[in-house]
Amino acid sequence: MKLKLLHLIETLRSTYWFIPTIMAVLAGVGAVLLVQVDRFLSARFVDQLGWIYSGGPEGARAMLSVVAGSVIGTAGVTFSITIAALSLASTQLGPRILYNFMRDTGNQFVLGTFIATFVFCVLVLRTIRGADESGRFVPAISITLGLALGLLSMGVLIYFIHHVAVSIQAPNVVAVIGRDLADEVEREFAPENGIPPEKRTPGLPDEFDRDAAVVESTADGYVQALDENALVEIARRADLLLVIERRPGKFVPEGMPLVRAWPAERMNLGWESDIRSRFVLGWQRTSEQDVEFAADQLSEVAIRALSPAINDPFTAMGCLDWLGAALCRAAHGRTPDPVRVDDEGRVRVVYRHPITFSGLADAAFVQIRQFGARSPSVMLRMLEVITTVIRSTRGDRDEIQVLLEHAETIRRAALDNAEEPRDRHDIEERYQTLLRAAGVMLGEVAQA
């Protein structure tokens, strides 16, 4: 239940309707309550407050009508600007970047402010009564608040125009994704989640793959989230060993295994259904539990920037800088433990394909190298980034070896496509600097 709730909250964060709907409902409730307050307060008391509206019913109707009409028209303009910004971002930065724009709470609150102001003014407007109607009534406090909301809406519009103009700039988009990636890496590669290198590959019974019971997916989709603690508890109660075949971020076709359980004779339909319910599947990847999602987003921005239609190597180099910063954080931390144990220390859950430093490095460099091999400046920056990451590895031989393999591949691709002797010289120079940095880090480990 907790997993479903957290996933629902994450889903609602990436919608444009949830926050505006909440704000509109609150505005409606506030209008009804404030009108009742106006009914109980005497006109004399209201007149003593100089800043409260003191005009007649016709003026009140005209004022609220202007405010309501203005904000609903502004909401339409805001929607048009948002669509234009999303179209521009999708074309230049990639359709998957829209996920970040949809999660922008600033834009959601702007739209919610306009709609809430309109709802408030309309509901207050219907309560105004003139002298020729059944009892003269002018809700002065409510009208004043409606005017204040109209002025607030104009301020929000100014903020929105500035916010959109800033948020669609490529460096800012890259920085936002880079910060999200850094936060996810710090969470996954935290020292308390790490294990010694010699224990990173847990052993399974020799007959596991042959005899284990299979919990199959009942739908096609990406694994967006799973409840580790619940799976450990299920495995403890049923005395099972569960191997997760698809971690968050991976696609699973219908009928393919989500989990393998061993020994098979302890499984039943109840346990199988309970295990399957701990996985959340969706049509697209999300950043909820997928640490490589943001890295793939940055790679996509870099690849599009390197396309002949855009030809923007500076954006690609900015993506590499943020990818390098995330890898530095991963190198400072520890590789996440693929094993989950119960309170008694018994292994209950194992990830078949866990998150690793190697996998994160592949997501950061492989595709950019493939599409950027003809840009010497991008390849040089990639070697510089790897050099920086090597100096952050604390001398971990496995991590340094992964980075050296990427560096050698980048060097070969760059030299094969570099036509100018000066470019080839710079590539070799950067590569030698990288090797010296690796040698220093490995030497420090040997001395220790």
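Shown above is the structure to which this text applies.
Bear in mind that the values here come from a model prediction, so they are computed numbers and not experimental data.

Caption draft 1: Expanded view of the overall build of the protein chain. Scanning the protein chain from terminus to terminus reveals 17 helices and eight strands. Its C-alpha atoms give the protein chain a radius of gyration of 29 Å, more than 25% over the compact-globule value 22 Å for 448 residues. When each of the 448 residues of the protein chain is scored for burial, the buried share is 49%. If you take every contact in the protein chain between residues at least 6 apart in sequence, the share linking residues at least 24 apart comes to 80%. Carbon and sulfur atoms provide 57% of the accessible area of the protein chain, an area that totals close to 22,300 Å².

Caption draft 2: Summary view of the pattern of salt bridges. Considering all chains together, one arrives at 26 salt bridges under this definition. As a salt-bridge pair, E228 and R340 come within 3.0 Å of each other at their nearest N and O atoms. Here the residue E228 occupies a position in helix α10 (residues 228-238), and R340 occupies one in strand β7 (residues 339-341), the gap between them amounting to 112 residues. For R285, the salt bridge identified is with D290, shortest N-O distance 2.8 Å. Connected through salt bridges with shared partners, the residues D239, R266, D342, R346 and R348 form a single ionic network.

Caption draft 3: Examining the sheet that holds strand β1 (residues 213-216) more closely. With respect to topology, five strands assemble into an open sheet ordered β1-β5-β3-β8-β7, the strand pairing being mixed. Lying at the two open borders of the sheet, with one neighbouring strand each, are β1 and β7. Across the sheet, the mean angle separating the axes of adjacent strands is 20° when strand polarity is ignored. Inspection of the sheet shows β1 paired to strand β5 (residues 257-262) by four bridges, in the antiparallel sense. Bridged to V215 within β5 is V259. Helix-sheet contacts for α10 involve β3 (241-244), β7 and β8 (347-351), and the interaxial angle to β8 is about 135°. Each of β1, β3 and β5 touches helix α11 (residues 269-276); the most contacted strand, β1, lies at about 45° to it.

Caption draft 4: Broad picture of the packing of helix α8 (residues 170-188) against helix α12 (residues 291-305). Look at α8 against α12: their axes get within 8 Å of each other, and the N-to-C directions meet at 150°. By the angle class used here, α8 and α12 are roughly antiparallel. Helix-helix and strand crossings are classified by hand; for α8 and α12 the assignment is left-handed. Between α8 and α12, the contacting residues are V174, I177, G178, L181, E184, V185 and E188 on the first element and V291, A294, A295, Q297, L298 and V301 on the second. Residues belonging to the contact of α8 with α12 are distributed by class as follows: nine nonpolar, two polar and two charged.

Caption draft 5: Representation of the sheet that holds strand β2 (residues 221-226) in the model. The three strands are arranged β4-β2-β6 in an open sheet whose pairing can be described as antiparallel. Lying at the two open borders of the sheet, with one neighbouring strand each, are β4 (251-252) and β6 (279-282). Relative to β4, β2 runs antiparallel, the two being bridged by two bridges. For G221, the partnering residue across the bridge sits in β4 and is V252.

Caption draft 6: Just the side chain of T127, in detail. Within the fold, T127 resides in the loop between α6 (105-125) and α7 (140-167). With a relative accessible area of 11%, T127 lands in the buried category. For T127, the side chain forms a polar contact with the main-chain oxygen of V124, separated by 2.6 Å. Contact partners of T127, with chain neighbours within four places excluded, come to V35, R39, F137 and P139.

Caption draft 7: Quick look at the nonpolar core. Among the nonpolar cores identified, the biggest contains 64 residues, and F365 and I390 are the most heavily contacted of them. Listing elements by their share of this core, those giving two or more residues are α4 (57-93), α8, α12, α13 (313-332), α14 (357-372), α15 (376-390), α16 (397-417) and α17 (421-447). Of the residues forming this core, the biggest block, ten residues, is contributed by α13. Among the nonpolar cores identified, the runner-up in size contains 24 residues, and L64, F137, V138 and L149 belong to it.

Caption draft 8: Representation of the packing of aromatic side chains. This model, assessed by the stated rule, comprises two aromatic pairs. When the ring of Y222 is compared with that of F251, the centres are 5.1 Å apart and the planes differ by 75°; the resulting orientation is edge-to-face. In this pair, Y222 is assigned in strand β2 and F251 in strand β4, connecting sequence segments 29 residues apart. Using a relative accessible area of 40% as the deciding quantity, one classes F251 as partly exposed. The ring of Y431 has R411 lying over it, and the distance from NZ or CZ to the ring centre is 5.1 Å.

Caption draft 9: Region of interest: a nonpolar patch on the surface. Taken together, the side chains of L5, L8 and I9 make up a nonpolar region of the molecular surface, amounting to roughly 270 Å² of accessible area. Mapped onto the secondary structure, L8 falls in helix α1 (residues 2-13).

Caption draft 10: Layout of the packing of α15 against α16. For the pair α15 and α16, interaxial distance at closest approach is 10 Å and the crossing angle is 165°. As summarised for this structure, α15 and α16 are arranged roughly antiparallel, according to the angle between their axes. Once α15 is placed against α16, the crossing between them reads as left-handed. Two secondary-structure elements touch here, α15 through M379, M382, L383, I386, V389 and I390 and α16 through L403, L404, H406, A407, I410, A413 and A414.

Thresholds applied
- Positions within a chain are numbered from 1, following the residues in the order the chain's sequence is written.
- Predicted model: local features are reported for residues with pLDDT of at least 70 only, side-chain atom pairs are reported and counted for 80 or more only, and whole-chain, interface and lining totals are derived from all residues.
- In computing side-chain properties, one takes all heavy atoms of the structure into account and sets aside hydrogens as well as water.
- We count a stretch as a helix when DSSP gives it H or I for four or more residues in a row; a strand needs E for two or more, and each element gets its number in order from the N terminus.
- Restricting the calculation to C-alpha atoms gives the radius of gyration, and the globule rule supplies 2.2 Å times the number of residues raised to the power 0.38.
- Only protein chains enter the calculation, and the probe is 1.4 Å; a residue is then buried if its accessible area is under 20% of its type maximum, exposed if over 50%, and partly exposed in between.
- Throughout, a residue-residue contact means that at least one pair of heavy atoms, one from each residue, lies within 4.5 Å.
- Methods summary: accessible areas were calculated by the Shrake-Rupley approach with a probe of 1.4 Å, and residue burial reflects only the protein chains presented.
- The salt bridge definition used is simple: a Lys or Arg side-chain nitrogen within 4 Å of an Asp or Glu carboxyl oxygen.
- Two strands form a pair only when DSSP identifies at least two bridges running between them.
- To get an axis, fit a line to the C-alpha atoms, keeping to the stretch in contact for a helix; angles then go from 0 to 180 degrees between the N-to-C directions.
- For classification, angles of less than 35 degrees are called roughly parallel, those exceeding 145 degrees roughly antiparallel, those between 65 and 115 degrees roughly perpendicular, and all remaining angles oblique.
- We call a crossing left-handed when the near helix sits turned anticlockwise from the far one by less than a right angle, and right-handed when that turn is clockwise.
- Polar here means any residue outside two lists: the nonpolar Ala, Val, Leu, Ile, Met, Phe, Trp, Tyr, Cys and Pro, and the charged Asp, Glu, Lys and Arg; Gly therefore counts as polar.
- Under this definition, polar contacts are N or O atom pairs within 3.5 Å; protein pairs additionally need one hydrogen-donor-capable and one acceptor-capable atom, and for neighbouring residues in sequence, both atoms have to be side-chain atoms.
- Nonpolar core, defined: a set of buried Ala, Val, Leu, Ile, Met, Phe, Trp, Tyr and Cys residues in which side-chain atoms within 4.5 Å join the residues together.
- Two aromatic rings, drawn from Phe, Tyr or Trp (for Trp, its six-membered ring), form a pair once their centres lie within 6.5 Å of each other, and the interplanar angle then sorts them: stacked below 30 degrees, edge-to-face above 60, tilted otherwise.
- Only Lys NZ and Arg CZ are tested; either one counts as a charge over a ring when it is within 6 Å of the ring centre and within 35 degrees of the ring normal.
- Patch membership requires over 30% relative accessible area and the absence of a salt bridge. Like charges are linked within 9 Å, and nonpolar side chains (Val, Leu, Ile, Met, Phe, Trp, Tyr) within 5 Å.

What is shown is where atoms sit, not what they do.
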